[in-house]
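# Observations on chain architecture
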Amino acid sequence: MAFNILTSIALTLLLPFSLVGLERKFTFPGEKPVGLNLHALIGADVQVSPDSRIRGGVLLIRDGIIETVRKGGEIPAGYRKWDMTGKTIYAGFIDPYLLTGANAGKLLDLKHDHHVVATASLSFQGTPSTRPDPGEKGPGFEVSGVHPERKGSESFQPAEGSWKNLRQHGFTAVHLAPSEGIMRGTGPCVLLGEGNPNELILKEEVAQILAFDPVGKQQSPPVYPNSLMGALAVTRQAFLDAIHAREKSLYLLRKPSPLPDLPHPGIRRLQEVLDKKNPFPVWVEPGSCLMESRALSLGREFGFHPVIIATGDEWRRPDLALSKNHAYVSPLRFPALSKLPDEEDWEQISLDQLRAWDHAPGNPSLISSRTKSLSLTTTGLSLGEFRRNLLQAIGRGLPEKKALAALTTNPARICGIESFVGTLEKGKLANLVVVNGESYFAKDAMVSSTWIKGVPYRYPSENHEKAKADDNASAEKEPEKRTARFPHADRKPVESPSSALFTGFKLWTCSGKGILSGHDLLVKGGKIAAIGPNLRAKAPKDCKIIPGKGMHLTPGIIDCHSHSMILGRVNESTLPSTSMVRIADVVNSESINVERQLAGGVTACNLLHGSANPIGGQNAVIKLRLGSGPDGMLFEKAPSGIKFALGENVKQANWGDKYVTRFPQTRMGVKTFFTNRFTAARQYGLRLGQARQGEGPPVRKNLELEAILEIIRGERLIHCHSYRQDEILVFLRTMESFGVRVASLQHVLEGYKVADEIARHGAGASTFSDWWAYKFEVYDAIPYAGALMHERGCVVSFNSDSSDHARRMNMEAAKAVKYGGLSEVEALKFVTLNPAKQLGIDEWVGSLEPGKDADLALWSTNPLDYRTVCRQTWIDGVLYHEIKQTREREARRSAERTELITKAQKSLGDGKEDGAGEEARQRFFRYSLETACDLHPHSCRSHGCNSKGGHR
Amino acid sequence: MKKSFLCFLACLLIGPVLAGQTIYRAKKIQATPSLSFEPGELLVVAGKIKAIGKSVKAPKGCKVVDWKDLEIYPGLISPGSSLGLAEINALRPTRDESEVGTHTPDVEAWVAINPDSELIPVARANGVTHSLVAPMGGMVSGTSGLIVLDGWGVEEMTVRPKVALHLWWPGHSLGLPQPQAPGDAKPKSIQEQQRERRRVIRELDEFFDQAEAYARAKAANPGKFDAVPAWEAMLPALGGKMPVMIHADELRQIKAAVEWAGKRRYRVILSGGRDSWKLADTLAQKKIPVVYRHVFTAPRHRNSPHDQQFRAPGILAKAGVPLSIGLRLGGWSAANQRNLPYHASQAVAHGLTRSKALASITIEPARLCGVAKRLGTLEAGKDATFIATSGDLLDIRSSVRHMRIMGRATSLQSRHTRLYERYGDRPEPKPR
């Protein structure tokens, strides 16, 4: 743990409800007198810690504290004797993440949108920093969900009903973690005992809790942030505000001001987190497997070392989600099967669902083996399943010692209460679980009593018998072997030869050389090394030879407009300017679209924010490196960029009657808005400059204006969604007035009407081949637009904006031949070289030229012919798609699914799913964030562009 | 562009002269999906095909149109669209394709066709001469009609007002059992969902039972019978005179629908049919035609092969299923009907033969619509409705150069060609 234990003990000593030196209550006459608080537990096996056990031990308790633990020996007089022969005593269990508050018990679920609660009828959503969050009492932060100053201990109340249940399962202490917001504040560690609440608090504040929760989507209309990337931007800005507040106070020391310097209390709490000498701990609940790795990188970015709340989905990408240097808290919730009414209903069940079911019990073991420590929480599951699932986890390889540590020493350590609890050592609190028999982990073991601070809570044996019968039903199972494979196992390159020679192909160079026959192409070290006749002599000895036999080789296809691999909402649709959000934070490396698009010859794509606002989020250009993580897919050298948008979407024209108050609502306002934000950014730049030269106070780093300033400085490319000729022209002129060249106009369906102006400005035109009439502003879209703009000198590309079209961009390119009569060579450039130019990556990709990246697509025949099939796709000289191998992989998955269905049906038949609760059965039908995003494709063509994923 | 326009003008001018008898010569004539003539000749008399072959005997005074570089194909028939009903997807006032109500058999699609829809000439420009236009909304949504994509008014354009009764098969998916609204007390369990499924099918059965009872009552009391429009609209389907087009995508839906249709002895067409390839043999054996509308939708599961839906038409055709290929219905796809041939051609790269692909957008939909005697192939006695293309019809790079509908030269101009010409001629603006 990254904080100082001594300090926390010292703090505890100062508190009025200090545990050390418990005073015996001297009762008034008339009150029931309290007995001597001396207990001797005799004859049990005492599991002092996960590693040490005393057989036939004696455990003495004085005033709630463990006085002695030893093997046998005399019992001093005055002790109440408890014969515990045949039982085992463990340290009381600790739940390190019991969620309390409005969302008590609900772990962050990014998979499904919450129900919209209509709370506001009118909401002006101007720009960030326009008003404090209206939902807060006291000093509000400017966005909702940020309240790191909240202290759960101030509103702490024992929850007798649920505590009783927890005690019965052996729990003696919990960390009551706050459940609302993004920066949630802190919660206390408390004992699950009865009586004076003041005496139950073990630790007032455990950690600052962060959750990547797009809380704004719960309001109607939604407020910032309503997307996952928005939640990350909010987090980042809050930390930057904390850094700024510190700089400002240092500045004010030098240059005093008559105004008081009162940073927001939440900001002051975040400063404690960032304190390098004595950082306050941070726990992060990322809400999905991939976001766990984002939590780790955010920690590196700001210098904190988080405890991670796992989702149970770590098996999806253990290599990314888990870290040897970090402690993890995992729920024990496993999806469970339901009997399906018809045999055919199994058709509906996907491999992914079955894998999730089969992997779940093995997941705690996976976490335990790959991280610094595992702690278990009961949050998210019904307690009735706790022991069932725990035993399943053990059956799947979680060692009992580790399981015990996950319930005792590990949670004690991460909560910073290990000096009081977690083991049965002398001087610690007498928090115990007494179990009938040898082991808590035996099939029929039952808790016979739970002790909290020396107070026993006993569970009569008739209960045991009943419970025992229940337990037996589920406990009869033999340890199971996992059948499901790791998804990662076959999502990887086919081959990565050190060099490769493509010989006998028709080479579509997409350079000045046109289509070359009788030329070879040599790849070395991921780059195209040479193109020329007969390169065999130049090829290294172990060079892989790929014979073309008349097949066609083209540069890999580049899709200039894609939303196919994004986690969570594609739009931060709330504010009119969301330049602070980053697609790079939410790249979904696990999307099936990576594979499907590789099979269509795509090697790179431009992942764009949606078009819900004039200034959208920062885009991410990626290469489809199957098997890499989100960061590994990024096209490292690609210039930064940002999505802009004009027209109906940004003025919310098709969003419904509720959306009529956000500025802008007209095209007039759109122009006004850009001028405003660019002017603001320019002035922000001036102030930054002054501060740097010591001429002014430190400037708060504003992520929104920062991104716009980068545009003005030419460091960030604009990709602007646009339709009508007037808005296109006016936008170009507005940008010119700030000295900015627009990199690409996206869609630009009326661009053909102002093609000369676009060409003169130097903007690229990235359009659809032939979509039109889906809304009013595209009534004049024509399929000849691409050819027309090309003839007038624009750099034109065809993009997909669709996970379907992205699978067949070569066929889209053929439409440039059909409509407008372009040559085939020029047509193919629409999906290779031209998009590369628009994205500023043509130095490395887009054509077959020596020195460029070996990003290649290999076609069975002319890529513009409908009979063609993409046989191979190469990125950086690595083979990612080979049609036979791809088919074999698909066949393996199909076989695995069949195997898993057999196993699932057997498990149901054997009654192994009987012990699960309703929530677990529902869980089976849920999709992880990484897969749910594939089910709800997004397109900026959909008229609302704020709809949650679905479009037609 | 200009050339084609001039061509068109020329056709208009000399069209009337040729109205009697014309011979069309072409590099190739695809008479039926499996029969072509290279070169070929086609004799048209009074809007009908009189003769076809490598060469035909020319009657005296017959005009000759020589398309020596072009290929002739039958006009394409879309087996279902919202053409004429929907204009701009995002604008509600322009949409008429989906009515409210769960059982509205007496709704007819042809009555709401906007003959001046800008979408119609756009579809025509790529060779689509006919479309089945289907009503949507509810479980029994009404009857579809076949229209020809050219004409002055809706009556003139309607080839067959009543082609099929449309039944949207209820969903069988088991969902994530969760409350539908915040107020709902409990989520729906799998068992409850199963009961719900059964209830909906029962309701469907009852509806058709009642329709049949009505038919019997009417037959028993001819003459003095107070007709109910909704039940009247059901009668042709009950007697097998009109097919029921069942829209179903999932295997469970398809199985249930096939079983249901067999029990009731209705003539059915399966539409949508995403998973129909899994039942290809059954469908072939029962001679149930399929309109496959999922070539370009994503596979249902992540574990499905990436080219599953590209391959499905090939599997169906190979098994002997009468196969048509279409786009999904609705406002969104109305604007994209011109891409009909490319849905078929995508399947060719993945196992569908070229002739089956051609059949799936010509003669097969003609059969579904009951007009195979007039349309779908170029054979003596059929309508002289055909197109001339610059190359293989299925090849995206080819373009459609001429269209004849019942021998009449038909414009290939559209909003798109007009705008192309207008802005293609835009003078270069002066630099600012």
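Sequence order as written defines the numbering, with residues in each chain counted from 1. The naming scheme follows written order: chains are lettered A onward, ligands numbered 1 onward. The predicted nature of this model means local features are confined to residues of pLDDT at least 70 and side-chain atom pairs, given and counted, to a pLDDT of 80 or more, with totals for whole chains, interfaces and linings taken over all residues. Hydrogens and waters are ignored; side-chain quantities use all the structure's heavy atoms.

### Points about the pairing of strand S18 (residues 447-452) of chain A
Residues and elements named next belong to chain A. Stated precisely, the cut-off is as follows: Three exposure classes are used, based on accessible area relative to the maximum for each residue type with a 1.4 Å probe and protein chains only: buried under 20%, partly exposed in between, and exposed over 50%. Helix and strand labels come from DSSP, where a helix needs a run of H or I of at least four residues and a strand needs a run of E of at least two; each type is numbered from the N terminus. Strand pairing is defined by DSSP finding a minimum of two bridges between the two strands.
Counting buried positions along S18 gives 6 out of 6 residues, so the element sits mostly inside the fold. Summarising the sheet, strand S17 (residues 432-436) and S18 pair through 4 bridges and their orientation is antiparallel. Paired with Val 433 across the two strands is Thr 450, which belongs to S18. Strand direction decides the pairing type here: S18 and strand S19 (residues 455-458), joined by 4 bridges, are antiparallel. If you follow Trp 451 over to S19, its bridge partner there is Pro 456. Connecting S18 to the antiparallel partner S19 that follows it, the hairpin turn spans 2 residues, and Lys 453 within it adopts a positive phi of roughly 50°.

### Overview of the sheet that holds strand S32 (residues 764-767) of chain A
Residues and elements named next belong to chain A. Using the following cut-off: All axes are obtained by fitting lines to C-alpha atoms, using only the stretch in contact for helices, and the reported angles, taken between N-to-C directions, cover 0 to 180 degrees.
Pairing is mixed across the open sheet formed by 6 strands, whose spatial order is S27-S29-S30-S31-S32-S33. Looking along the sheet, the strands with just one partner apiece sit at the ends: strand S27 (615-618) and strand S33 (796-798). Put simply, the sheet's adjacent strands are angled 25° from each other on average, direction ignored. Sheet analysis places strand S29 (residues 640-645) next to strand S30 (residues 716-722), joined by 6 bridges and oriented parallel. Residue pairing in the sheet places Ala 645 in a bridge with His 721 of S30.

### Quick notes on the packing of helix H4 (residues 190-220) of chain B against helix H5 (residues 229-238) of chain B
Residue and element names in this part refer to chain B. Test applied: Between 65 and 115 degrees an angle is taken as roughly perpendicular, under 35 as roughly parallel, over 145 as roughly antiparallel, and anywhere else as oblique. Any two residues whose heavy atoms approach within 4.5 Å are treated as being in contact. Note on residue classes: Ala, Val, Leu, Ile, Met, Phe, Trp, Tyr, Cys and Pro are nonpolar, Asp, Glu, Lys and Arg are charged, and everything else, Gly too, is polar.
The N-to-C vectors of H4 and H5 enclose an angle of 90°; their axes lie 9 Å apart at closest approach. With respect to each other, H4 and H5 are oriented roughly perpendicular. Each of Phe 207, Phe 208, Gln 210, Ala 211, Glu 212, Tyr 214, Ala 215 and Lys 218 in H4 lies in contact with H5, whose residues at this interface are Trp 231, Glu 232, Met 234, Leu 235 and Leu 238. In terms of residue class, the contact of H4 with H5 is built from 9 nonpolar, 1 polar and 3 charged.

### Examining the confidence of the model for chain B
Spelled out, the test is: As a per-residue quantity, pLDDT reports the predictor's confidence and falls between 0 and 100.
Here chain B averages 92 in pLDDT, while 93% of its residues score no lower than 70. Quick note on the complex model: pTM equals 0.93, ipTM equals 0.94.

### Regarding helix H3 (residues 228-254) of chain A
What counts, and what does not: The span one expects for a helix is its residue count, reduced by one, times 1.5 Å.
Between its first and last C-alpha atoms H3 of chain A spans 40 Å; for 27 residues at 1.5 Å apiece the expected length is 39 Å, and the two agree. Burial analysis of H3 of chain A places 19 of its 27 residues in the buried class, the great majority of the element.

### A few points about the interface of chain B and chain A
Worth spelling out the cut-off: Throughout, buried area stands for the accessible area (probe radius 1.4 Å) lost by two parts on being put together, summed over both. Between Lys or Arg on one side and Asp or Glu on the other, a salt bridge is scored when a side-chain nitrogen of the former is within 4 Å of a carboxyl oxygen of the latter.
Facing the 78 residues of chain B at the interface are 82 residues of chain A. Buried surface at the junction of chain B and chain A, summed over both partners, amounts to about 6,900 Å²; 55% is from carbon and sulfur atoms. Where chain B touches chain A, the interface holds 11 salt bridges. Across the pair Glu 428 of chain B and Arg 760 of chain A runs a salt bridge whose closest N-O atoms are separated by 3.2 Å.

### Quick look at unusual backbone geometry
Of the consecutive residues Tyr 224 of chain A and Pro 225 of chain A, the connecting peptide bond is found in the cis state with omega at -5°. Cis geometry is adopted by the peptide bond preceding Pro 664 of chain A, which originates at Phe 663 of chain A and carries an omega value of 5°. Topologically, Pro 664 of chain A is positioned in the loop between S29 and helix H15 (667-692). Located in the positive-phi region is His 747 of chain A, a residue other than glycine, with phi close to 70°. With a relative accessible area of 0%, His 747 of chain A lands in the buried category. Backbone geometry at Met 406 of chain B places phi at a positive 50°, although glycine is not the residue there.

### Regarding helix H5 (residues 289-302) of chain A
Residue and element names in this part refer to chain A. Across its 14 residues, H5 extends 21 Å between first and last C-alpha, which sits within 8% of the 20 Å expected from 1.5 Å per residue. H5 sits mainly inside the fold: 12 of its 14 residues count as buried. Those residues of H5 lying buried are Cys 289, Leu 290, Met 291, Glu 292, Ser 293, Arg 294, Ala 295, Leu 296, Ser 297, Leu 298, Gly 299 and Phe 302. In the segment just after H5, Gly 303 is the residue with positive phi, at about 75°.

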